[in-house]
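Secondary and tertiary structure notes
Each chain, written out:
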Amino acid sequence: MNKTLSGAPLNKIIIVAALGYFVDIYDLVLFSVERKDSLTEILGSAATNENLKNIGMNLLNWQMGGMLLGGLFWGILGDKKGRLSVLFGSILMYSLANIANGFVTTIGWYAALRFISGFGLAGELGAGITLVSETMSKEKRGIGTMIVATVGVFGAVVAGFMGDVITDWRWSFFIGGGMGLILLVLRVGIFESGMFESLRKSEISRGNFLNLFSNRNRAGQYLSIIMIAVPVWYVMGILITFAPEIFVSMGITHFKPDAGKSIMYAYLGITLGDVASGVISQLLKSRKKALAIFMILTAISVFSYFKYAIISEVYYYVIVSLIGFATGYWAVFMSTAAELFGTNIRATATTTAPNFVRGSVIFLSFLFRYFENILDKQDGKPNSQMAAIIVGIIVTILATLAWLNLKETFHKDLNYTE
């Protein structure tokens, strides 16, 4: 029997998926919040600004690399064995990894645990969104994913706040891992998607990642939905995480951005943006139009970051909040990713797409470093400002082309296979 909860705007599946994403985001941004404090302690006298930036970027790349591989593993597992197996397995892995991360004393172990944590984190969101989308009607599923995304991204606000109030960075990791283990108890009693249960009894191939590229149209839609969301992680992975270094290269001396506080304000904006984008998507009955509105807002707010955020600390945090709001189309992005593909590869697509977006930080940071190195230095320092601007222009152009190619999915019936 196909179990649906189409009449319930709030149900246990949505609540558990939302809390799972809350813990996911808390742990995901925790490294960015605690990067400077943790590396300063571990590196000791070697903790120069350049080392903090370079080693921090390398550790972030290890985490995102884990997410790239984990996205493939958990996505395929979700289509082959079920959505629930991913929800339980992924949270157990990243919870234990984050607890262990609180004990690290070397950069090598730090990198290994960031990789393992990233691998585990990769499964949470895609499985939750897939399950919510498949257990709600097409009229209500956008509301369900909006609730999941909104509650989830608020985890970053809490992570930023905890970074301010907790003096020992190790306890931040302990708390993140502990919350994940507690969440496992809440998962008891959640049932599997009826669409998947029906598919399990058939002989149709499930979880074949290459099936996403078996024809030009499907491959184009998959690549398009990924590129549309890359600006979100350009903002978070470059502009926010490395704001202290970027502002140094801009010659700003009257204030210094705090990475933890920046993330808190940015995700506070994203929380409100996810609500707004989800509501606009429902009102317009269009995912694509909602995406266009917020992509335009993102471009405007990024321009403001370089033009006006340098005026004062107040201006900076206001603009960071506005950038967060503008990039709050993650809920609509996830809804679209789930709606683009059939039940037999839906978990694979919905799990891999956000993790490829997150993993794009590896390539964005590579481009960022590349342009830092080839551009003329300012007073002997890398031109981080211009490097970030160039990367932003490239990302915006690619996202715009992707949007033009994307299909509308709002009214699509999900009970089909590829």
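See the structure shown above.
Residues numbered from 1 in each chain as written. Predicted model: local features only at pLDDT ≥ 70, side-chain atom pairs only at ≥ 80, totals over all residues. Heavy atoms only, no water.

Looking at the pattern of salt bridges
Two side chains carrying opposite charge are able to pair once their charged atoms lie near each other. Short version of the rule: The salt bridge definition used is simple: a Lys or Arg side-chain nitrogen within 4 Å of an Asp or Glu carboxyl oxygen. Runs of H or I in DSSP of at least four residues are treated as helices and runs of E of at least two as strands, each being numbered from the N terminus. Burial classes: relative accessible area under 20% of the type maximum marks a residue as buried, over 50% as exposed, and values in between as partly exposed (1.4 Å probe, protein chains only).
A complete count under the given rule lists 7 salt bridges for this structure. For the salt bridge of Glu134 with Arg83, the shortest nitrogen-to-oxygen distance reads 2.7 Å. Of the two residues, Glu134 sits in helix H5 (residues 124–134) while Arg83 sits in helix H3 (residues 83–101), which places them 51 residues apart along the sequence. The same class applies to Glu134 and to Arg83, which are both buried. The shortest N-O distance in the salt bridge between Arg346 and Glu134 comes to 2.8 Å. With Arg346 in helix H15 (residues 346–374) and Glu134 in helix H5, this pair connects stretches of sequence that are 212 residues apart. Note on accessibility: Arg346 and Glu134 belong to one class, buried. Taken together, the shared-partner salt bridges connect Asp79, Arg83, Glu134 and Arg346 into one network.

A closer look at the environment of Ile204
Condition: Note on contacts: a residue pair is in contact if any heavy atoms of the two residues lie within 4.5 Å.
Residue position: Ile204 is located in the loop between helix H8 (194–200) and helix H9 (216–240). With sequence-adjacent residues up to four places away left out, Ile204 is seen in contact with Leu199, Asn344 and Thr417.

Let's talk about a negative patch on the surface
Stated precisely, the cut-off is as follows: To count toward a patch, a residue needs a relative accessible area over 30% and no salt bridge; like charges are then connected within 9 Å, while nonpolar side chains (Val, Leu, Ile, Met, Phe, Trp, Tyr) are connected within 5 Å. Accessibility throughout is a Shrake-Rupley quantity obtained with a 1.4 Å probe, and a residue counts as covered only by protein chains that appear here. Within this scheme the basic residues Lys and Arg register as positive and the acidic residues Asp and Glu register as negative, but His and the chain ends are omitted. Where a charge lies is defined by one atom per residue type, namely NZ (Lys), CZ (Arg), CG (Asp) and CD (Glu).
A cluster of acidic residues, Asp37, Asp164, Asp258 and Glu313, forms a negative patch at the surface. With respect to the element layout, Glu313 can be found in helix H13 (residues 313–326). Under the relative-accessibility criterion, Glu313 is labelled partly exposed at 35%.

Description of the packing of H9 against H15
The relative placement of two packed helices comes down to the angle between their axes together with the axis-to-axis distance. Under the convention used in this document: Note on method: axes are straight lines fitted to C-alpha atoms, helices fitted across the in-contact stretch only, with angles between N-to-C directions ranging 0 to 180 degrees. In this scheme, roughly parallel covers angles under 35 degrees and roughly antiparallel covers those over 145, while 65 to 115 is roughly perpendicular and the rest are oblique. By convention the crossing between two helices is left-handed if the near helix lies anticlockwise of the far one by an angle smaller than a right angle, and right-handed if it lies clockwise. Ten residue types, Ala, Val, Leu, Ile, Met, Phe, Trp, Tyr, Cys and Pro, are classed as nonpolar, four, Asp, Glu, Lys and Arg, as charged, and the remainder, Gly among them, as polar.
Running from N to C, H9 and H15 point in directions that differ by 50°, and their axes come no closer than 8 Å. As the angle between them shows, H9 and H15 are arranged oblique. For the pair H9 and H15, the sense of crossing is right-handed. In this structure, H9 contributes Tyr222, Ile225, Ile226, Ala229, Val230, Trp233, Tyr234, Gly237 and Ile238 to the contact, and H15 contributes Ala349, Thr352, Ala353, Phe356, Val357, Arg358, Ser360, Val361, Leu364, Ser365 and Phe368. For the contact of H9 with H15, a count of residues per class yields 15 nonpolar, 4 polar and 1 charged.

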